[in-house]
Amino acid sequence: VLQRILFDGGFAGLCFPREYGGQGLTVEHQRAFDAEVVDYEMPSAFNVPTLGILAATLLDCGTEAQKRRHLPAILCGDEYWIQFLSEPSGGSDLAGVLTRADRDGDVFVLNGSKIWSSGAYVADYAMCLARTNWDVPKHRGLTMFIVKIHQPGVTVERIRQVDGSEEFCQEFFDDVVV
């Protein structure tokens, strides 16, 4: 809700190009805004990683169609994105990713598991790192996919922490078409 209010007021996506729903302003504008709102409650859970990492990655690396489809929805708060990176067997050693995505014609089929994903139970999309080539050194052969979280084959389980919180999740992918 707060992200929508910021967007409607012209304060979301200050540095993002206008063609993708942003304001097309400079980094200095963003810094000035950040300095002014430091004493206010801002949608920080939304800003990191959705805006600060994933929307920026999509802007730099996404296709034109992906940018036009997702960036306006992210900036106005209609889409909440997270990262599917860490795995149960290797933690944050991304070179050791075992989640696999096998090509099947025009699509990939995703199988495996991710863990310690913050907020996956309420998120809409994730950038998911998966192994697409097993015949190269382990730090190669990886591909980042955009995965719609609430779709057939994706199971999200919340992890109860010692303090009772359940923000972290584990995800299971069983023949998920991406």
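The coordinates are above.
Numbers given to residues run from 1 along each chain, matching the order in which its sequence is written. Local features in this predicted model are restricted to residues of pLDDT 70 or higher, and side-chain atom pairs are both shown and tallied only at a pLDDT of 80 or more, whereas totals for entire chains, interfaces and linings draw on every residue. Calculation of side-chain values draws on the structure's entire complement of heavy atoms; hydrogens and water are dropped beforehand.

Participant: Which parts of the structure should I look at to understand empty space enclosed by the protein?
Facilitator: Empty pockets left among the atoms are what a rolling probe the size of a water molecule brings to light. Grid points spaced at 1 Å and placed over the protein atoms alone form the basis of the search, with a cavity being a set where a 1.4 Å probe fits but cannot get out and a pocket an open set showing protein on both sides within 12 Å along at least five of seven lines. Lining residues have an atom within 4 Å of a point. Grid points are joined across faces, edges and corners, and a volume is the space filled by probe spheres set on the points. Within the structure shown, the criterion is met by one cavity of 30 Å³ or more. In this structure, the largest cavity occupies an estimated 40 Å³ of space. In terms of lining, the largest cavity is formed by Leu85, Glu87, Ser89, Gly90, Gly91, Asp93, Leu94, Gly96 and Val97. For the lining of the largest cavity, the class distribution of residues is three nonpolar, four polar and two charged. Residues are grouped as follows: Ala, Val, Leu, Ile, Met, Phe, Trp, Tyr, Cys and Pro are nonpolar; Asp, Glu, Lys and Arg are charged; every other residue, Gly included, is polar.

Participant: Sorry if this is basic, but what is going on with the side chain of Glu171 here?
Facilitator: Residue placement: Glu171 occurs in strand S7 (residues 168-177). Despite its burial, Glu171 remains without a salt bridge, the nearest opposite charge being carried by Lys114 at 8.2 Å. Beyond its immediate sequence surroundings of up to four residues, Glu171 is in contact with Phe84, Gly112, Ser113, Lys114, Ile115, Ser117, Ala120, Thr155 and Val156. Runs of E in the DSSP output that reach at least two residues are strands. Runs of H or I that reach at least four are helices, and both are numbered from the N terminus. Note on exposure labels: buried denotes an accessible area under 20% of the residue type's maximum, exposed denotes more than 50%, and partly exposed covers the range between, all computed with a 1.4 Å probe on protein chains only. When charges are counted, Lys and Arg contribute as positive and Asp and Glu as negative, whereas His and the chain ends are disregarded. Think of a salt bridge as a Lys or Arg side-chain nitrogen and an Asp or Glu carboxyl oxygen that are within 4 Å of each other. Contacts were defined at the residue level, with two residues in contact if any of their heavy atoms lie within 4.5 Å.

Participant: Can you help me understand the nonpolar core in this one?
Facilitator: One finds Ile74, Ile82, Phe84 and Leu110 to be the most contacted residues of the largest nonpolar core, which totals 31 residues. Listed by contribution, the elements that provide at least two residues to this core are helix H3 (44-61), helix H4 (64-75), strand S1 (81-84), strand S3 (107-118), strand S4 (125-131), strand S5 (142-148) and S7. What Ile74 contacts, discounting residues up to four positions off in sequence, is Gln3, Phe46, Thr50, Leu51, Ala55, Leu58, Glu79 and Trp81. Grouped together as the second largest cluster of nonpolar side chains are five residues, Leu6, Ala12, Leu14 and Val37 included. What is meant by a nonpolar core is a set of buried Ala, Val, Leu, Ile, Met, Phe, Trp, Tyr and Cys residues, joined one to another through side-chain atoms within 4.5 Å.

Participant: Where do I start with unusual backbone geometry in this structure?
Facilitator: Most peptide bonds adopt trans geometry, and most residues besides glycine take a negative phi value. Even without being a glycine, Trp116 presents a positive backbone phi close to 65°. When you line up the elements, Trp116 lands in strand S3. Its identity is not glycine, yet Asp175 carries a phi of approximately 55°, on the positive side. If you trace the backbone, Asp175 turns up in strand S7.

Participant: Is there a simple way to think about the side chain of Ser113 in this case?
Facilitator: By the element assignment, Ser113 lies in strand S3. Counted as a polar contact is a pair of N or O atoms within 3.5 Å, where, for protein atoms, one must be capable of donating a hydrogen and the other of accepting one, and residues adjacent in sequence contribute only when both atoms are in side chains. There is a polar contact of 2.9 Å between the side chain of Ser113 and the side chain of Gln170. Excluding residues within four positions of it along the chain, Ser113 makes contact with Ser86, Glu87, Pro88, Thr99, Gln170, Glu171, Phe172 and Phe173.

Participant: Help me understand the layout of surface pockets in this model?
Facilitator: By volume, the largest pocket amounts to about 330 Å³. Looking at the largest pocket, it is lined by 18 residues, and the ones nearest its centre are Gly13, Gln30, Asp34, Asn47 and Leu51. Ranked by the residues each element gives to the lining of the largest pocket, the list is headed by H3, at four residues. The class makeup of the residues in the lining of the largest pocket is twelve nonpolar, five polar and one charged. Of the pockets and cavities examined, the second largest pocket occupies roughly 170 Å³. Around the second largest pocket, the lining residues are Thr57, Leu58, Cys61, Gly62, Thr63, Gln66, Met127, Met144, Phe145 and Ile146. Those elements that place two or more of their residues in the lining of the second largest pocket are H3 and S5. Its residues assigned to classes, the lining of the second largest pocket shows six nonpolar, four polar and no charged.

Participant: I tried to follow the packing of aromatic side chains on my own but got confused; where do I start?
Facilitator: The geometry of two aromatic rings is summed up by the distance between their centres and the angle between their planes. Two rings from Phe, Tyr or Trp (for Trp, the six-membered ring) form a pair when their centres sit within 6.5 Å of each other. Planes less than 30 degrees apart are called stacked, planes more than 60 degrees apart edge-to-face, and all others tilted. One pass over the full model with this rule turns up five aromatic pairs. Aromatic pair Phe84 and Phe173: ring centres 5.5 Å apart, planes at 55°, arrangement tilted. Here the residue Phe84 occupies a position in strand S1, and Phe173 occupies one in strand S7, the gap between them amounting to 89 residues. Accessibility expressed as a relative area gives 1% for Phe173, which makes it buried. Should the NZ of a Lys or the CZ of an Arg lie within 6 Å of a ring centre and within 35 degrees of the ring normal, that charge is described as sitting over the ring. Over the ring of Trp134 we find Arg131; its NZ or CZ atom is 5.5 Å from the centre of that ring. Its end group placed over the ring of Tyr121, Arg158 keeps NZ or CZ at 3.5 Å from the ring centre.

Interpretation in functional terms is not warranted from these geometric data alone.
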